[in-house]
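# Structural features, examined
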Amino acid sequence: MTDVLVIGAGPYGLAAAHAARRLGLSVEVLGRPMSFWREHMPAGMFLRSGPDWHLDVAAELTFEAFDPVSPDPIPIARYLEYADWFAAKAGIAVRDEVVVTVAPAGDAASRGFVATLASGAVISARAVIAAPGIAHFGVIPEWGAGVGAHTVDLVGFDELAGARVVIVGGRQSAYEWAALIGEAGAERVDVVHRHPEPRFDRVSWAFVEPHIERTLAVPGWWRRLPAAGREAIGQQFWDVGRLTLEYWLAPRLARLPVHRHAGVEVVAPPAGGELELSDGTRLHADRIVFACGYRADIARVPYLPPVASTGGFPDLDASFGTSLPGLYIPGFAATRDFGPFFGFVRGAVPAAALIARDLEVRLAT
Ligand SMILES: Cc1cc2nc3c(=O)[nH]c(=O)nc-3n(C[C@H](O)[C@H](O)[C@H](O)COP(=O)(O)OP(=O)(O)OC[C@H]3O[C@@H](n4cnc5c(N)ncnc54)[C@H](O)[C@@H]3O)c2cc1C
């Protein structure tokens, strides 16, 4: 029996696998390495995060160690090279296998889990770390079902050359997709969102660091913060991360036929190829793109067994443990209990560290 089965080879899975291996535990990692980044992000994308956000709990196999002359911004291809380098240096062998089900092996907490793979193979493990990311959680407005594509499913833009494209949403993805679609030759791109016009500026995520330190030092820190404290940090996140978009987008957008519609919303489903906005504007849309973000709904992760959840988020203990002892879920699905930083790569190392601390106790025999 494997000590730890890690399902997912994105940043959270890789970081957690490394942390568990450092404890001397046997670890199996299943999934396609960085597949979300390779298959659900455009090849021409740049990262918002910088070279200081890495995957190593020991802070040795960092991006800066991989590339001392780190580019700014980091092209996605370079980050993927870093992830591959990290996995190789850390000795993490990822098996490209799809997990179909995970089930507790018995009623006793210590019996572990049985995972069934699409290949028919079965793996028994004493603990499971499931790192499903956000792929299952894309949000499309009710009126949008069947009339457009979420950004998660639209990462190649050649077919949009000559098209009139409406993007619903106003954060980094909306404007970066607008730039990429414009650069692919779209005739016109309209970006429509409810919130005010975003700023384009250099963004510093340094404010996150003390929160990460507290998360590591105080068990359940985020959950125990008074609601007002959580709201204040959430607001800071919104201002810095959501309403301020990357400075390098502005000159690209200025050269392109990209039109902004801030403070408005789409009032009705498209009719006759047209969308009506709340300010009366009518936009012709050959294609509609939903850059409407992600909302956790843990029941949509197909391989997971039922776990206690509230509002789509799994109920987690201070170590990312679910209601099934020995099953951990770090990453975006943990943001309700751990804070918004866990929707970003910055959360991968602290999550790995907290899970490893718990594994050390749980699997000590
Ligand atoms: C457009 C966009 C840009 C972003 N830019 C940034 C950024 O600049 N900086 C930043 O910090 N964050 C960024 N993020 C957020 C970032 O993508 C997530 O924080 C991160 O990918 C989450 O990592 P993860 O390991 O939890 O999941 P993922 O990276 O999604 O990995 C999921 C893994 O699970 C595997 N898997 C899925 N189903 C199965 C199955 N049934 N069996 C086995 N394996 C399976 C997949 O193959 C994959 O390996 C961005 C997100 C988006 C959408």
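Residues numbered from 1 in each chain as written. Predicted model: local features only at pLDDT ≥ 70, side-chain atom pairs only at ≥ 80, totals over all residues. Heavy atoms only, no water.

## What about the packing of aromatic side chains?
The line we're drawing: Ring geometry is summarised as follows: Phe, Tyr and Trp rings, the Trp one being its six-membered ring, pair when their centres sit within 6.5 Å, and such pairs are stacked at plane angles under 30 degrees, edge-to-face over 60 and tilted between the two. We count a stretch as a helix when DSSP gives it H or I for four or more residues in a row; a strand needs E for two or more, and each element gets its number in order from the N terminus. Each residue is placed in one exposure class: buried if its accessible area under a 1.4 Å probe, protein chains only, is under 20% of its type's maximum, exposed if it is over 50%, and partly exposed if it falls in between. In our convention, an over-ring charge means Lys NZ or Arg CZ found within 6 Å of a ring centre and within 35 degrees of that ring's normal.
One pass over the structure, following the stated rule, counts 28 aromatic pairs. Considering the side-chain rings of F237 and F344, the 5.6 Å spacing of their centres and the 50° angle between planes classify their relative orientation as tilted. Taken together, the positions of F237 in helix α8 (residues 227-242) and F344 in the loop between α10 (335-338) and α11 (348-362) put the pair 107 residues apart, joining distant regions of the chain. Overall, F237 belongs to the buried group, its relative accessible area being 5%. For the ring pair F338 and F342, a centre distance of 5.7 Å and an interplane angle of 65° mean the geometry is edge-to-face. Exposure remark for F338: the relative accessible area of 3% places this residue in the buried category. Taken together, the aromatic side chains of W53, W205, F207, W221, W222, F237, F320, F338, F341, F342 and F344 make up a single cluster linked through ring pairs. Against the face of Y247 rests R202, its NZ or CZ located 4.2 Å from the ring centre.

## A few points about the site of the ligand
Filter applied, for reference: A single heavy atom is enough: if one lies within 4 Å of a molecule or strand, its residue is considered near that molecule or strand. Identification of polar contacts relies on pairs of N or O atoms within 3.5 Å, with a donor-acceptor requirement for protein atoms, meaning one able to donate a hydrogen and the other able to accept it, and with residues adjacent in sequence counted only if both atoms are side-chain atoms. Here the open area of atoms and residues is found with the Shrake-Rupley method and a 1.4 Å probe, where only the protein chains shown may cover a residue.
Close contacts around the ligand come from 33 residues, with S35, R48, S49, V99 and V345 the closest. Contact distances for the ligand include 2.7 Å between a nitrogen atom and a side-chain N or O atom of S49. At 3.5 Å from an oxygen atom of the ligand is found a main-chain nitrogen or oxygen belonging to G133. In the complex, 90% of the free accessible area of the ligand, which totals 1,000 Å², lies under the protein chains.

## Here we look at the packing of helix α1 (residues 11-22) against helix α4 (residues 76-90)
The criterion, for reference: Convention adopted: a line fitted to C-alpha atoms gives each axis, helices being fitted over their contacting stretch, and angles between N-to-C directions are expressed from 0 to 180 degrees. Should an angle fall under 35 degrees it is taken as roughly parallel, and over 145 as roughly antiparallel, whereas 65 to 115 is taken as roughly perpendicular and any remaining angle as oblique. The hand of a helix crossing depends on one turn: near helix anticlockwise from the far one by less than a right angle means left-handed, and clockwise means right-handed. Only heavy atoms enter the contact rule, under which two residues are in contact if any of them lie within 4.5 Å. Polar here means any residue other than Ala, Val, Leu, Ile, Met, Phe, Trp, Tyr, Cys and Pro, which are nonpolar, and Asp, Glu, Lys and Arg, which are charged; Gly is therefore polar.
It is the contact of α1 with α4, at a shortest axis distance of 11 Å, that shows an interaxial angle of 20°. As summarised for this structure, α1 and α4 are arranged roughly parallel, according to the angle between their axes. Taken as a pair, α1 and α4 cross one another with a handedness that is left-handed. Contacts between α1 and α4 involve P11, L14, A15, H18 and R21 on the former and, on the latter, Y79, A83, F86, A87 and A90. Partitioning the contact of α1 with α4 into residue classes produces eight nonpolar, one polar and one charged.

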